[in-house]
Number of protein chains: 4
Amino acid sequence: MNSFGRYFRVSVFGESHGVAVGAVLDGVPAGIPLAEADFMEDIDRRRSGARGTTPRRESDTPEILSGVYNGYTTGAPLTVIFRNGNTHSSDYELFKAMPRPGHADHVASIKWNGYNDPRGGGHFSGRLTLPIVAAGVVAKKVLACKSDVTVKASLAELGGVCCRVGPGAVPDGASRTPEDIVASLPQAAREAMDKAILEGDSLGGIAECVVDGLPAGLGEPFFDSVESLISHAIFAVPGVRGIEFGDGFMASRMKGSEHNDPIGTDGHPLKNGAGGVNGGITNGAPVVFRVALKPTSSIRKTQHTADLSNGCMADLSAPGRHDACFALRAPVVIESMAAIALADLYIFEGS
Amino acid sequence: MNSFGRYFRVSVFGESHGVAVGAVLDGVPAGIPLAEADFMEDIDRRRSGARGTTPRRESDTPEILSGVYNGYTTGAPLTVIFRNGNTHSSDYELFKAMPRPGHADHVASIKWNGYNDPRGGGHFSGRLTLPIVAAGVVAKKVLACKSDVTVKASLAELGGVCCRVGPGAVPDGASRTPEDIVASLPQAAREAMDKAILEGDSLGGIAECVVDGLPAGLGEPFFDSVESLISHAIFAVPGVRGIEFGDGFMASRMKGSEHNDPIGTDGHPLKNGAGGVNGGITNGAPVVFRVALKPTSSIRKTQHTADLSNGCMADLSAPGRHDACFALRAPVVIESMAAIALADLYIFEGS
Amino acid sequence: MNSFGRYFRVSVFGESHGVAVGAVLDGVPAGIPLAEADFMEDIDRRRSGARGTTPRRESDTPEILSGVYNGYTTGAPLTVIFRNGNTHSSDYELFKAMPRPGHADHVASIKWNGYNDPRGGGHFSGRLTLPIVAAGVVAKKVLACKSDVTVKASLAELGGVCCRVGPGAVPDGASRTPEDIVASLPQAAREAMDKAILEGDSLGGIAECVVDGLPAGLGEPFFDSVESLISHAIFAVPGVRGIEFGDGFMASRMKGSEHNDPIGTDGHPLKNGAGGVNGGITNGAPVVFRVALKPTSSIRKTQHTADLSNGCMADLSAPGRHDACFALRAPVVIESMAAIALADLYIFEGS
Amino acid sequence: MNSFGRYFRVSVFGESHGVAVGAVLDGVPAGIPLAEADFMEDIDRRRSGARGTTPRRESDTPEILSGVYNGYTTGAPLTVIFRNGNTHSSDYELFKAMPRPGHADHVASIKWNGYNDPRGGGHFSGRLTLPIVAAGVVAKKVLACKSDVTVKASLAELGGVCCRVGPGAVPDGASRTPEDIVASLPQAAREAMDKAILEGDSLGGIAECVVDGLPAGLGEPFFDSVESLISHAIFAVPGVRGIEFGDGFMASRMKGSEHNDPIGTDGHPLKNGAGGVNGGITNGAPVVFRVALKPTSSIRKTQHTADLSNGCMADLSAPGRHDACFALRAPVVIESMAAIALADLYIFEGS
């Protein structure tokens, strides 16, 4: 179903080229200051236009339909929509016969017996991450109200090249737009990106997210571990292929004496191989996870794939406007999903 | 909360050294043949006793309390319990003051204000995976009823050493006990294990799971993608640090033209970089995923960690009986969790 | 939370004098023909304007934002909104200090710490039943697709006077607007209504709902009996005070030999004292229930109640435009709620 | 599904003549004192043996399998079971061919394709209310911890005769067993009961429940009103035909000026026609509701009903041991269900 959360529940709706995309947020506490302008910083972090992203530009203007009164959340469901504008639906006619490799075109048609809206990927479009970013803004406000929790995601790798910047391990994600990220890419990453653009190909990447300020004790051993809830939300983001916490896959190659986090006299772990979670429960250290983002499916480069209209193989060069590296726009989406999952957890268990 | 699933719902209960552990399965279709003996093959795959596993031996005898009549499931909730027997609770007194690094001892106490049952890890114990294996047996029967779906997990790595056997990529997991796995370990893995045992240390590993026979069209884009549901269940298994589907983290370092799966004229993908899922929906190819399993937390080797009783650092050598490589016993648990998640999905959407 | 249903899930949002009210419907099967015009017949049955109803007239124009493509439902979430127009928010200033007896003004303020939108009752307004009627239209289409299920509610009593018309026990509710109902009121009911209007008072009533065509076998004994699901939805309608199935409260005064429904040789009950449900499960007979609707809370007639601004008792004559008998407009709302609950049940269990 | 509650979730399992009946309670706060003896007072209120109840006597001994340690709840799932003992399964052979009028025999068989356990009514048996009473004991402890909430149900009518006793409107239900109730029955009720027993017939009744001490502000307007949650739970009790709150069905025959509860200067209603709930939200007054209980279905008196083995009508005199008036044993069940629903509500919203 198209909703997530038990106490703070986000439902998304809409199609890429339909009337609007939007979200309903249920369980938002009353009394949080909120205006449409509050959404813009994160919307800008998801906005296209930078080199390596699609030239489709949308106004992405949020319209709050319910749940806010006199500048504060009311406690009733909060609904925010975004009208769709800049659509080229004719680009997608081709994909009915020749579903794009790596894309949901074909399975959507099977799932919904051909009644799915195929324009721009319909309900499967990355455009659905726009209301998720809006929901994330509210989720982060909820978390900030509960205690001083911050959720920050950034691009850790692009095309296999490490992109961490600054003195600390993780750059401050909150203020960086795709333009900012592109401007600070290491030389090797920039060259890989330029080459992919030139060839009509695409690149993947890795996003890293750090959540600071959560108290110890959140989560449930079976089946609602902190990792369970976060991964559930993260794998709803189109294009995610994997997730790991703390030492992650490296932990499988470590000894217990290397991976274990000794506990300090203040009750907090002395290092963070576990990524802030033991037995599914937060331990007071930052929750840290990494997400593998695949290269964009839609590429101009020719692919040999089926033409289902005549049952033959054929060459497809996908028309339309697509990101060469959607990973440049993904950190804020990952961050939003984490915030949504944690707000849901914290709003109940942290009370 | 301690349950999972919307249509096929598994609830687990119990503590490691309490009266019993068990599971209630709601939504089991009526008319599936089931007897207590049907659980034994998978229970043997989780059983301790092999080299590298704990010497704590339990009878692990399932007792069906409800939901089966005349050898068939009735449609009413199915309850199965396992009495606990071979317990050495005194081993755990020490951990109240000196919580084991990497274990849930400390967070459980914080979460439940000190009222948690600490004996053997209580509700956080790996023993809770026993009723999960029982639930998995029923889930696999449900899947086999719907169509010819098989779920098979095996050990792909131990201590960083590849353990795949046989001509195909994945060994047939269903028939292999920990003893079988140990017997066929490559030389390097065996040596790493022997060394860890000798040093009182532990090793991690990677389990791989392959699901064959699912139809295309299962899953929901937001938020109940196939990967979302499987990862939610998998991260409830104690000791999991990461999960990846298909090309997984490698996909983040590939180009679109490399990672994309072209579609064949029969509508199925020609390779399986996506791991059987596009846009969160099954595409007809096998669902393939890998799970990173950390090294066992409880080790005899000395760790420098806090003694909370006096606020000083001290040396801890964990007493008690523990697996050096719980990864040897984990594949059937991973397989069970996948089956539970997919039975839940298939029982509704596949109807 | 503001949603209902596991498989066919309805979420409502909006405030009486806010931007819009609306609903998101998740789990709508793909391929159901649907256009905005399809909502109008039922919207007209809820429309004000008849004698005994409020003179506030709204255009009540549905706008579908998502989930419909080329005239058919797509399988993705269906969103429909109604912009609010004809509002007199100033009428409600008074109620902050003097909450209306019988209304939610005061509890809403307590619940949401004064952040609730009080205008027109905000999220507690009967206007929220408009998107519920829209959801009911879709639910009835879902039911009609599954088999030939019909859901029909009508006014059985007004002000204690029986209003059943026609030769059969229950009039055909589907075609009757409030004007139609008023036109066919028995003399005693009309006089009671006229008297109440004259005195600035209000009247209650009883709605009766009959569901034909459900197969036997739907529902769960614990805790999702058919009566549980229907009553859960019905008590979300503002102003409901009771519900009874079949013989209802009369059954408590009958003997078993009187109340029991003997079974005929076709397996169906020979009478319908149980209202179509045994042990929480449909038995193949029509599901029949009655709903007690209170008199409208907002009355012009003077009430002696607290003025919380000064802590004294005072006289309140509620300004604003209100129904004297909202029971005239309620049958379609009751019918919609029943359809929503049954579509949710049938969409899974009937498959 | 066989569970109820979002935060305090009760799952019941078992069959009347199977191994055991029981319940799993998830979300029980840690630190509540609990021992098996604590269940006995309420179990005695449900116990058979009094005149008008079945002579089937069970030991009804609770066995806690999990969730309690050192005399306190741990925070992990709490499981309690009751072994079944005194069963006469042969009494039920007859009902396969001749399903009892008013009972679930026939629909259970349809629902579960004949795989249902028919002995003693199987999962549909009133015996399932035993674990519900156990769950209610815990729920009442949860409510008592949150604030001084009490939930008390009593028998208000038997066979249409008022049974209220004592100076106040409602007798103190907590201390009254069926024997106590029978001992204090008014003359007319006792005569009606004796006559029904003599004729092999059965009687219904009305239970009334009063919840004191809830704060104002609990509940959600759509769709989780207080009445929605309570009625959902109550209609899961076998044999319930209706429920009404406050003035209930009488409200439909009152004017607004009569039914409305003016508000006092302390913010509380001055009378309680609404039964403690406005707009679905508690208003600080006691929550009061009445439940219609049908006469027992299983009667010795001859009924003319179908013999499905030969397709003819025949006479059935139900063998087996049954309550003539299960209403005598029902108040504690109604009380338990209300406590379960309110604990679920309060545990989250009251925090």
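Keep in mind it's a predicted model, so treat the numbers as computed, not measured. (Residues numbered from 1 in each chain as written. Chains lettered and ligands numbered in written order. Predicted model: local features only at pLDDT ≥ 70, side-chain atom pairs only at ≥ 80, totals over all residues. Heavy atoms only, no water.)

The subject of this paragraph is the overall build of chain A. Each helix and strand counted, chain A has nine helices and 16 strands in total. Here the C-alpha atoms of chain A give a radius of gyration of 21 Å, agreeing with the 20 Å that 2.2 N^0.38 yields for 351 residues. Here the C-alpha coordinates of chain A stretch approximately 70 × 50 × 40 Å along the principal axes. Within chain A, the fraction of its 351 residues that count as buried is 67%. Residue pairs in contact within chain A that sit at least 24 positions apart in sequence constitute 73% of those at least 6 positions apart. By element, 52% of the accessible surface of chain A is carried by carbon and sulfur atoms, the whole surface being about 10100 Å². Within chain A, one finds 32 positive and 39 negative side-chain charges whose respective centroids are separated by 4 Å. (Helix = DSSP H or I, 4+ residues; strand = E, 2+ residues; numbered from the N terminus. Rg over C-alpha atoms; globule rule 2.2 N^0.38 Å. Buried < 20%, exposed > 50% of the residue type's maximum accessible area, 1.4 Å probe, protein only. Contact = heavy atoms within 4.5 Å. Areas by Shrake-Rupley, 256 points an atom, 1.4 Å probe, with all protein chains shown as cover. Lys, Arg positive; Asp, Glu negative; His and termini not counted. Charge placed at Lys NZ, Arg CZ, Asp CG, Glu CD.)

A few words on the interface of chain C and chain D. Contacts between the two partners involve 104 residues from chain C, matched on the other side by 104 residues from chain D. Summing both partners gives a buried area of about 7700 Å² for chain C against chain D, and 62% of it is carried by carbon and sulfur. Linking chain C with chain D are eight salt bridges, by the criterion used here. In this structure, C:Arg241 and D:Glu227 form a salt bridge, with 4.0 Å as the shortest nitrogen-oxygen distance. Applying the counting criterion to the chain C and chain D interface returns 47 residue pairs in polar contact (both at pLDDT 80 or more). The dominant element in the side of chain C that touches chain D, judged by the number of residues it contributes, is strand β11 (residues 240-245) of chain C, at six residues. Two elements, β11(C) and strand β11 (residues 240-245) of chain D, share three bridges in a ladder whose sense is antiparallel. Within the sheet, the bridge partner assigned to C:Glu244 lies in β11(D) and is D:Gly242. (Buried area = accessible area lost by both parts, 1.4 Å probe. Salt bridge = Lys/Arg side-chain N within 4 Å of Asp/Glu carboxyl O. Polar contact = N/O pair within 3.5 Å; in protein donor to acceptor, adjacent residues only side chain to side chain. Pairing = 2+ DSSP bridges.)

This part is about the interface of chain D and chain A. Listed as interface residues are five residues of chain D and, on the opposing side, five residues of chain A. Surface buried jointly by chain D and chain A totals about 450 Å² across both partners, of which 62% is contributed by carbon and sulfur atoms. Here chain D and chain A share zero salt bridges between them. Counting every contact that joins chain D to chain A gives zero residue pairs in polar contact (both at pLDDT 80 or more). Looking at the side of chain D that touches chain A residue by residue, the class counts come to three nonpolar, one polar and one charged. (Nonpolar A, V, L, I, M, F, W, Y, C, P; charged D, E, K, R; others polar.)

Moving on, we come to the pattern of salt bridges. Taken as a whole, this structure holds 103 salt bridges over all chains when the rule is applied. We note a salt bridge from A:Glu157 to B:Arg253, for which the minimum N-O separation is 2.9 Å. Here A:Glu157, found in strand β8 (residues 150-158), pairs with B:Arg253, found in the loop between β11 (240-245) and α8 (256-259), and the two come from separate chains. Because the salt bridges share partners, they merge into one network encompassing A:Asp44, A:Arg47, A:Glu58, A:Asp60 and A:Arg127.

All right, on to the pairing of strand β3 (residues 20-26) of chain D then. Residues and elements named next belong to chain D. Burial of β3 is extensive: seven of the seven residues sit out of reach of the surface. Of the two faces of β3, the one carrying Ala20, Gly22, Val24 and Asp26 and the one carrying Val21, Ala23 and Leu25 are both buried. Across six bridges, strand β2 (residues 9-14) lies against β3 in antiparallel orientation. Each residue of the ladder has a partner; that of Arg9, found in β3, is Asp26. In textbook terms, the turn of a hairpin is the stretch between consecutive antiparallel strands, and for β2 and β3 this stretch comprises five residues. When β3 meets strand β7 (residues 78-83), the two strands line up antiparallel, connected through six bridges. For Ala23, the partnering residue across the bridge sits in β7 and is Val80.

Residues and elements named next belong to chain A. Across the sheet, which stays open at both edges, the five strands sit in the order β1-β2-β3-β7-β4 with antiparallel pairing between neighbours. Of all the strands in the sheet, the pair left with one neighbour each is β1 (3-4) and β4 (63-66). Here helix α4 (residues 129-146) sits on the sheet in contact with β2 (9-14), β3 (20-26) and β7 (78-83), set at roughly 30° to β3. (Axes fitted to C-alpha atoms, helices over the stretch in contact; angles between N-to-C directions.)

Relating one copy of the chain to the other requires a rotation about an axis plus a shift along that axis. Note on the copies: chain C fits chain D at an RMSD of 0.0 Å, the axial shift is 0.0 Å, and the rotation between them is 180°. One copy is carried onto the other by what is essentially a two-fold rotation axis. Residue by residue, 100% of the interface of chain C is reproduced at the interface of chain D, so both copies engage with the same surface. (Least-squares fit on C-alpha atoms with pLDDT ≥ 70 in both.)

The next thing to look at is the sheet that holds β2(D). Residue and element names in this part refer to chain D. In space, the five strands of this open sheet follow the order β1-β2-β3-β7-β4, with antiparallel pairing throughout. The sheet terminates laterally at β1 (3-4) and β4 (63-66), the two strands that pair on one side only. As judged from the two bridges shared by β1 and β2, these two strands associate in the antiparallel manner. Bridge pairing links Ser3 to Ser11 in β2.

Residue and element names in this part refer to chain C. Where helix α7 (residues 226-234) meets helix α9 (residues 331-349), the closest approach of the two axes is 9 Å, and the angle between their N-to-C directions is 135°. With respect to each other, α7 and α9 are oriented oblique. Here the hand of the crossing between α7 and α9 comes out right-handed. Contacts between α7 and α9 involve Val226, Leu229, Ile230, Ala233 and Ile234 from the first element and Ile334, Met337, Ala338, Ala341, Leu342 and Leu345 from the second. Grouping the constituent residues of the contact of α7 with α9 by class yields eleven nonpolar, no polar and no charged. (Parallel < 35°, antiparallel > 145°, perpendicular 65-115°, else oblique. Left-handed = near helix turned anticlockwise from the far one by under 90°.)

For the rest of this paragraph, the subject is the relation of the copies chain D and chain A. Superposing chain D onto chain A requires a rotation of 180° together with a translation of 0.0 Å along the rotation axis, leaving an RMSD of 0.0 Å. In this assembly, 100% of the residues forming the interface of chain D have copies in chain A that are likewise at the interface, indicating an isologous arrangement.

All right, on to α4(A) then. If you check α4(A), its first and last C-alpha atoms are 25 Å apart, about what 18 residues at 1.5 Å a residue would give, namely 26 Å. Of all 18 residues making up α4(A), 14 are buried, and the element is well covered by its neighbours. (Expected span 1.5 Å × (residues − 1).)

Of all six residues that make up strand β2 (residues 9-14) of chain C, six are buried, and the element is covered over most of its length. What you see with β2(C) is no split at all: C:Arg9, C:Ser11 and C:Phe13 on one side and C:Val10, C:Val12 and C:Gly14 on the other are buried throughout.

As a further point, take the environment of C:Phe249. Tracing the backbone through its elements, the reader meets C:Phe249 in the loop between β11 and α8 (256-259). Beyond its immediate stretch of four places on either side in the chain, C:Phe249 contacts C:Ile243, C:Glu244, D:Ile206, D:Gly242, D:Ile243, D:Glu244, D:Phe249, D:Arg290, D:Val291 and D:Ala292.

All right, on to the state of the cysteines then. Scanning the model with the defined rule gives zero disulfides over all chains in all. The thiol of C:Cys163 is unpaired, and the distance to the nearest cysteine sulfur, on C:Cys162, comes to 6.5 Å. (Disulfide = S-S within 2.5 Å.)

Let's shift gears to the packing of aromatic side chains. What the rule picks out here adds up to 28 aromatic pairs over all chains. Measuring from centroid to centroid gives 5.3 Å for B:Tyr72 and D:Tyr115, while their planes differ by 45°, and the two rings are tilted. With B:Tyr72 in strand β6 (residues 72-73) and D:Tyr115 in the loop between α3 (105-111) and α4 (129-146), this pair bridges two chains. We classify B:Tyr72 as partly exposed; its relative accessible area is 34%. The interplanar angle of 40° and the centroid separation of 5.5 Å between the aromatic rings of B:Phe245 and B:Phe289 together place this pair among those described as tilted. (Phe/Tyr/Trp six-rings, centres within 6.5 Å; stacked < 30°, edge-to-face > 60°.)

So, on to the packing of α4(D) against helix α9 (residues 331-349) of chain D. Residue and element names in this part refer to chain D. Orientation of α4 relative to α9, taken along the N-to-C sense of each, is 45°, at an axis distance of 7 Å. Relative to α9, α4 is oriented oblique. For α4 against α9, the interelement crossing comes out left-handed. Contacts between α4 and α9 involve Thr129, Ile132, Val133, Ala135, Gly136, Ala139, Lys140, Val142, Leu143 and Lys146 on the former and, on the latter, Val332, Val333, Glu335, Ser336, Met337, Ala339, Ile340, Leu342, Ala343, Tyr346 and Ile347.

Turning next to the environment of D:Pro238. Note on placement: D:Pro238 falls in the loop between α7 (226-234) and β11. Residue D:Pro238 is classed as partly exposed on the basis of its relative accessible area, which comes to 29%. The contact partners of D:Pro238, leaving out residues within four places of it in the chain, are C:Phe222, D:Phe124, D:Gly126, D:Thr129 and D:Phe326.

Moving on: the environment of C:Lys140. Residues and elements named next belong to chain C. Following the sequence through the fold, Lys140 ends up in helix α4 (residues 129-146). Given a relative accessible area of 17%, Lys140 falls into the buried group. A C-alpha to C-alpha distance of 19 Å links Lys140 and Leu155, two positions 15 residues apart in sequence. Excluding residues within four positions of it along the chain, Lys140 makes contact with Asp42, Arg45, Val151, Glu335 and Ala339.

Detailed conclusions should not be drawn from predicted coordinates in areas where pLDDT is low. When the pLDDT values of chain A are averaged, the result is 92; 96% of them are 70 or greater. Scored as a complex, the prediction yields pTM 0.96 and ipTM 0.96. (pLDDT = per-residue confidence, 0-100.)

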